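This is what each chain is made of:
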Amino acid sequence: MTQTPVQSKPQHKGKRYRLDKPELLAPAGNLEKLKFAVHYGADAVYIGGQAYGLRSNADNFSFEEMKEGVEFANKYGAKVFVATNIYTHEEDLDGIAEYLRNLQDAGIAAIITADPIIVETAKTAAPLIEVHLSTQQSTLNWQAVQFWKEEGLPRVVLGRETSLEEIAEIKKNVDIEIESFVHGAMCSSYSGRCVLSNHFTDRDSNRGGCCQSCRWKYDLFENSSPEGDWVSEEQQMETESNPLFLAEDNAFTMGSKDLCMLGSIPDLIEVGIDSFKVEGRMKSIHYVATVVNVYRQAIDAYMADPENYVLKPEWMEELNKAANRPLNTGFFYDTPDHEDHIYEPEEKAVPYDFAGLVLDYDAETEIATIQQRNHFKPGTEIEFFGPDGTFFKQVVGTIWDEEGNELDAARHPMQRVKLKVDQPLRYFDMMRKKNVKK
Amino acid sequence: MGYRPELLATCGTLDELKALAEAGCDAFLLGEEKFGMRLPGEFTPEAIAEAVAFAHPKGIKIYVCANNLMDNDTLPALPGYLEKMGEIGVDGIEFGDPSVLMQVRKLLPDMPLHWNAEMTSTNHGTSNYWGRRGATRVVLARELNMDEVTGMMPNLEVEAQVQVHGMTNIYHSKRSLVHSYMANQGRPVEDDNVGLNRGLYLIEAERRDELFPIYEDSNGTHIMSSGDICILEDLHLLMEAGVQSFKIEGILKNTAYNAAAARAYRKAIDSFVSDPEGYAFDEAWLDEIRDLQDPRRELSFGFFYKEQVY
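Residues numbered from 1 in each chain as written. Chains lettered and ligands numbered in written order. Predicted model: local features only at pLDDT ≥ 70, side-chain atom pairs only at ≥ 80, totals over all residues. Heavy atoms only, no water.

K.L.:
When you look at the layout of surface pockets in this model, what are you seeing that I'm missing?
P.N.:
Unoccupied space between atoms shows up once a probe the size of one water molecule is rolled over them. Residue and element names in this part refer to chain A. Size it by volume and the largest pocket reaches roughly 910 Å³. Residue lining of the largest pocket: 40 residues in total, with Arg55, Cys187, Cys210, Gln212 and Glu279 positioned closest to the centre. For the lining of the largest pocket, the per-class residue count stands at 14 nonpolar, 17 polar and 9 charged. (1 Å grid on protein atoms, 1.4 Å probe; cavity = no way out; pocket = protein on both sides within 12 Å on 5 of 7 lines; lining within 4 Å. Points joined across faces, edges and corners; volume = space filled by probe spheres on them. Nonpolar A, V, L, I, M, F, W, Y, C, P; charged D, E, K, R; others polar.)

K.L.:
It is not clear to me how the nonpolar core should be interpreted in this structure. Could you clarify?
P.N.:
Side chains of a nonpolar character, in soluble globular proteins, are inclined to be buried together. By size, the foremost hydrophobic cluster in this structure holds 182 residues, and its most contacted members are Val45, Leu262 and Ile265 of chain A together with Phe28, Ile48, Ile93 and Leu238 of chain B. Ranked by residue count, the leading element in this core is helix H11 (residues 285-304) of chain A, at 12 residues. With 25 residues, the next largest nonpolar core counts Cys214 and Phe252 of chain A together with Val189 and Ile223 of chain B among its residues. (Core = buried A, V, L, I, M, F, W, Y, C linked by side-chain atoms within 4.5 Å. Buried < 20%, exposed > 50% of the residue type's maximum accessible area, 1.4 Å probe, protein only. Helix = DSSP H or I, 4+ residues; strand = E, 2+ residues; numbered from the N terminus.)

K.L.:
Sorry, what's going on with the environment of glutamate 307 of chain B here?
P.N.:
Mapped onto the elements of the fold, glutamate 307 of chain B is located in the segment after strand E14 (299-300). Separated by 163 residues in the primary sequence, glutamate 307 of chain B and leucine 144 of chain B place their C-alpha atoms 9.1 Å from one another. Setting aside residues up to four positions removed in sequence, glutamate 307 of chain B forms contacts with Asp202 of chain A together with Asn145 of chain B. (Contact = heavy atoms within 4.5 Å.)

K.L.:
Where do I start with the packing of helix H1 (residues 31-39) of chain A against H11 of chain A in this structure?
P.N.:
Any two packed helices are characterised by the angle at which their axes cross and by the distance between the axes. All names here are of chain A. Closest axis-to-axis distance for the H1/H11 pair is 8 Å, and the angle between their directions is 20°. On the basis of the axis angle, H1 is roughly parallel to H11. Between H1 and H11 the crossing geometry is right-handed. Mapping the contact onto sequence places Glu32, Lys33, Phe36 and Ala37 in H1 and Ile285, Val288 and Val292 in H11. (Axes fitted to C-alpha atoms, helices over the stretch in contact; angles between N-to-C directions. Parallel < 35°, antiparallel > 145°, perpendicular 65-115°, else oblique. Left-handed = near helix turned anticlockwise from the far one by under 90°.)

K.L.:
Is there a simple way to explain the sheet that holds strand E8 (residues 169-173) of chain B in this structure?
P.N.:
Strand order across the open sheet formed by 6 strands is E9(A)-E8(A)-E9(B)-E10(B)-E11(B)-E8(B), with antiparallel pairing between neighbours. With partners counted over all chains shown, the strands left at the sheet margins are strand E9 (241-243) of chain A together with E8 of chain B, one partner each. Geometrically, the sheet is characterised by an average inter-axis angle of 30° between neighbouring strands, direction not taken into account. Sheet analysis places strand E10 (residues 207-217) of chain B next to strand E11 (residues 220-224) of chain B, joined by 4 bridges and oriented antiparallel. Bridged to aspartate 217 of chain B within E11 of chain B is glycine 220 of chain B. In this fold helix H7 (residues 177-184) of chain B packs onto strand E8 (218-223) of chain A together with E8, strand E9 (200-204), E10 and E11 of chain B, with an angle of close to 105° to the strand it touches most, E10 of chain B. (Pairing = 2+ DSSP bridges.)

The following block contains the structure:
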């Protein structure tokens, strides 16, 4: 797996430091994921509602669930944003105002929106909600950012194609919050400028129907008679098509490696990005908690002492436990090339699974109560991790059920079991195990 | 004055422009790669001036395409370019990026502005939003269906342009995907030519009869539709709805083909305008297009009669 280069030396000795702490913005595909994201250190989470969002296959929140999520997040001082990032069609227009009013009533802090009609409707229908311009608008330059500022928007999520240098220029020219994706899967196209799904499956990619056709397999050919310069069917039959691939070649795909900017936290903060966004409303609890936990620690470490900040190798190791694709740095340093795409069958199962949630810990007996989330049994090698750096490995010993009966395995989803643990744990700490190939 | 829709085409050269004017086009969209996306050829400001000098005496309009996703580096060149277009006296500027809208409003307050964000121009509310900020026309997304287009016409406060013929872009990346693929296979592109005229196309593993043209330019990688839109048979529905401009996309087609398309749509429009009540589609109008159609590319209604899900 490609890793972001790990730096072992302080990166910015002797420099002046910008000390505005960025927001860590995490995805939350459902209420449970929201709670994990917040507990593991997200300053804000973004979710999808029942309409107007680009993940029509995700669980998505009802307004009641949103209220509960906001209440939970507020206890941590965290905010909840809602993605209303589709490009609306005629049939979608009527409900916008009412939907936005409901979001406002639920206590949602901001919507993330691409379509200007939603931007405009929000101003009157839900004036208390901040409007953030979605990356789907592919905003790449400071004058476009200036335009949106003049339209009253406090924040723009830039296109993933902007480099650090370009972000610096935007920040220099416009006083506005800039949000950038720092981790997760990427469209290889300009976001929103791809209708492959529409063409292949009649699913509207810009209304949440994307079927990831960019990751399908293609063959590349060339016409010997270029530019469609045929005059008759007979001549066309003589036009040869030359394959530009050999039998042993990989197929052509547009699939990108995933973004990972963990190795560049100082650069991201220095350039003044206000919100670090993690992609992945469809990702697992384990993924969200792991990624948020790592970025939280890295950002906090840098902010506490920028001069002596060192990227810890164990952070990268942690991230890799949740990754199923090779990683790269997107457009931040240069335009991606052949090393930034996935041609080989490199996608693989996530190396670790969520095995249990710590519900309780008894310091006297050193026994933890665990809610089972995946099969484990005595002898299984496990890891515990939690916010604030809790991390240790051990082997599962005796497992008891709640009545104290010994179990040969924790088989039942959500079953509460007890086991002795090597170090103290807290509610919400997580237990993971290696994903063993069957 | 009665309803008389515009027939617009893109064109790659001045010669093509002249041939398509002869074939009946009222307006042309042209420009250069630096500011405009997916043009069939390059028109420098000098060539645009020539086009205008040719077109205006004939009552033909010249619109300049500046609908790129602009980056910071392109911004300094914009004011000079736009002022030049003002001096030349072009009839409108097509934009997608707000930076262009702002610059045109500032430098050329009377210049008509056409909003063309391609696949994201999908409803009347957003079209009117841009209208209130200076746009005079929306170029509607090709992924809309007939009901959506005709349904929004009464609510539009700006003119509507609908592509009725030719291929469409279905994927645009800033990445150099052909170069990357060939480099990955260990056979880097030698002559650096992976542009429009190379004739590259993709075939998806499970759809062997669909050819998707692909090319690279300085704006990245573009993948085009495997079929060509042809609305001619039902053009009256759009004319009855009052669509102001019909577009023939000429990219990746030769002039003979585009001229055939222009002649066909010209006949339909003229026939409708002279007698809307008595209008009847004539199958023979399609003959010339069908004769020249690449047999590997399907002529279809595109998304006009499709219901998309999500």
